[in-house]
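As a plain string of letters, each chain reads:
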Amino acid sequence: GNTISGRDVILDGVNVHHNDEVGIKTRIDEIVLRNFVVSYQGRLGLSMGHGADPNAVGGLVEDGVIDNCNHERRYSPGNEAGGTKFWQSTNLVIRNVESHSHYGPGIWADKDNVGWEVADCHVHDIWDGAAGIFQEIGGSCHIHNNLIERALEGAPSWMYGAGIVIGHSQDGVIENNTIRDCGNGIGLLQQDRGSGAYGLHELRNNVIGSNIVEGSSEGSGVVRADADFGFVFDTNTFEGNTYPANHRFAWNNQW
């Protein structure tokens, strides 16, 4: 249906299923979505944002299940398909959500999301080379205490198909997550994605620490599209993570 708009809206105990495009789409600050099931959407489970506003209060998405979105594979996973697409949100919190069985990312924040948090979520069985949890062309984020399993089909030479991906974004803290049997483990990448509401989309000042990567995940690390982005190897940090035997690490354009 139409986009829900307004302010200070609570959606509690909703069950949305088998729609042609998007389950719940909002343009709201201060939204609360809880105790929900969103399943078998033709394109996306959730599409939520309010426009770039550093003073926005934020919202909360908690205690829910998102499953089987883009289940007919009508859309490319890179073109707004999968579990979620958060855009231009400020201080949005996603916690205790299970997101699974999508042809597209499980939890995806794309374009000028700042201050968002993903905690205590279970993301699993993600297909078509998409990420389990994906922060793209945004600002600060805190992704912690999540379990990501079977985000499969990632190409080892690039990092999109990983349990957690940070793309062209800055000031992220990725800690205390477990990534199991994904195409790749934790991937950071930089391409020329121009600028947004808060400046250039650059991969800077991300800290990846105390995560556990296990099972069949191929590799982790940092990759860049061309030589102009050499700063990514000076401004991002991996420390204190645990990897399986034979897990490869991408750094300075080599394994």
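First, a word on what this report is: a plain description of the structure on this page. If you're wondering where the values come from, they're calculated on a predicted model, not measured in any experiment. (Residues numbered from 1 in each chain as written. Predicted model: local features only at pLDDT ≥ 70, side-chain atom pairs only at ≥ 80, totals over all residues. Heavy atoms only, no water.)

Residues Leu46, Val61, Phe86, Ile94, Ile107 and Trp116 are the most contacted members of the largest nonpolar core, which totals 46 residues. Of all the elements, strand β5 (residues 32–39) adds the most residues to this core, at 3 residues. Those residues in contact with Ile107 that lie beyond four places of it in its chain are Thr84, Phe86, Ile94, Ser99, Trp116, Val118, Cys121, Val123, Gly132, Ile133 and Phe134. Listed in part, the 9 residues of the second largest apolar core include Met159, Ala162, Val165 and Ala250. (Core = buried A, V, L, I, M, F, W, Y, C linked by side-chain atoms within 4.5 Å. Buried < 20%, exposed > 50% of the residue type's maximum accessible area, 1.4 Å probe, protein only. Helix = DSSP H or I, 4+ residues; strand = E, 2+ residues; numbered from the N terminus. Contact = heavy atoms within 4.5 Å.)

Attention now moves to the pattern of salt bridges. A full pass over the atoms with the stated rule returns 14 salt bridges. Of the charged contacts in the structure, one is a salt bridge between Glu214 and Arg180, with a shortest N-O distance of 2.6 Å. Of the two residues, Glu214 is situated in strand β23 (residues 212–214) and Arg180 in strand β18 (residues 178–180); the sequence distance between them amounts to 34 residues. Residue Glu214 is classed as partly exposed on the basis of its relative accessible area, which comes to 28%. (Salt bridge = Lys/Arg side-chain N within 4 Å of Asp/Glu carboxyl O.)

Evaluation of the coordinates by the stated rule reveals 8 aromatic pairs. Plain terms: the ring middles of Phe86 and Trp116 are 6.3 Å apart, the flat faces sit at 55° to each other, and that makes the pair tilted. One end of the pair, Phe86, is in strand β8 (residues 82–87); the other, Trp116, is in strand β11 (residues 116–119), with 30 residues separating them in the sequence. On the basis of relative accessible area, Phe86 is assigned to the buried category, the value being 1%. The exposure class assigned to Trp116 is buried, which follows from its relative accessible area of 1%. (Phe/Tyr/Trp six-rings, centres within 6.5 Å; stacked < 30°, edge-to-face > 60°.)

It is worth spelling out the environment of Asp67 at this point. Tracing the backbone shows Asp67 in strand β7 (residues 60–67). Separated by 28 residues in the primary sequence, Asp67 and Ser39 place their C-alpha atoms 4.7 Å from one another. At 2.7 Å, the side chain of Asp67 forms a polar contact with the side chain of Asn68. (Polar contact = N/O pair within 3.5 Å; in protein donor to acceptor, adjacent residues only side chain to side chain.)

As a further point, take the side chain of Asn236. As for its position among the elements, Asn236 is in the loop between α1 (232–235) and β25 (237–239). Within the structure, Asn236 has its side chain in polar contact with the backbone oxygen of Leu203 (distance 3.0 Å). Beyond its immediate chain neighbours, meaning those up to four positions away, Asn236 contacts Leu188, Leu203, Arg204, Asn205, Asn206 and Trp251.

Per the counting criterion, the structure on display carries 1 cavity of 30 Å³ or more. Lining of the largest cavity is provided by Ile28, Asp29, Glu30, Ile31, Met48, Gly49, His50, Gly58, Gly59, Ser89 and Leu92. Taken together, the elements giving at least two residues each to the lining of the largest cavity come down to β4 (22–29) and β6 (44–49). (1 Å grid on protein atoms, 1.4 Å probe; cavity = no way out; pocket = protein on both sides within 12 Å on 5 of 7 lines; lining within 4 Å. Points joined across faces, edges and corners; volume = space filled by probe spheres on them.)

Pairing analysis gives 3 bridges linking strand β2 (residues 10–12) to β5, with the strands arranged parallel. Within β5, the residue paired with Ile10 across the bridge is Val32. Two strands pair when backbone bridges link them, and strand β3 (residues 15–17) and β5 are joined in this way by 3 bridges, in the parallel orientation. The residue bridging Val16 from the neighbouring strand is Val38, located in β5. Taken together, the 7 bridges between β5 and β7 define a ladder with parallel strand orientation. Counterpart to Leu33 in the pairing with β7 is Val61. (Pairing = 2+ DSSP bridges.)

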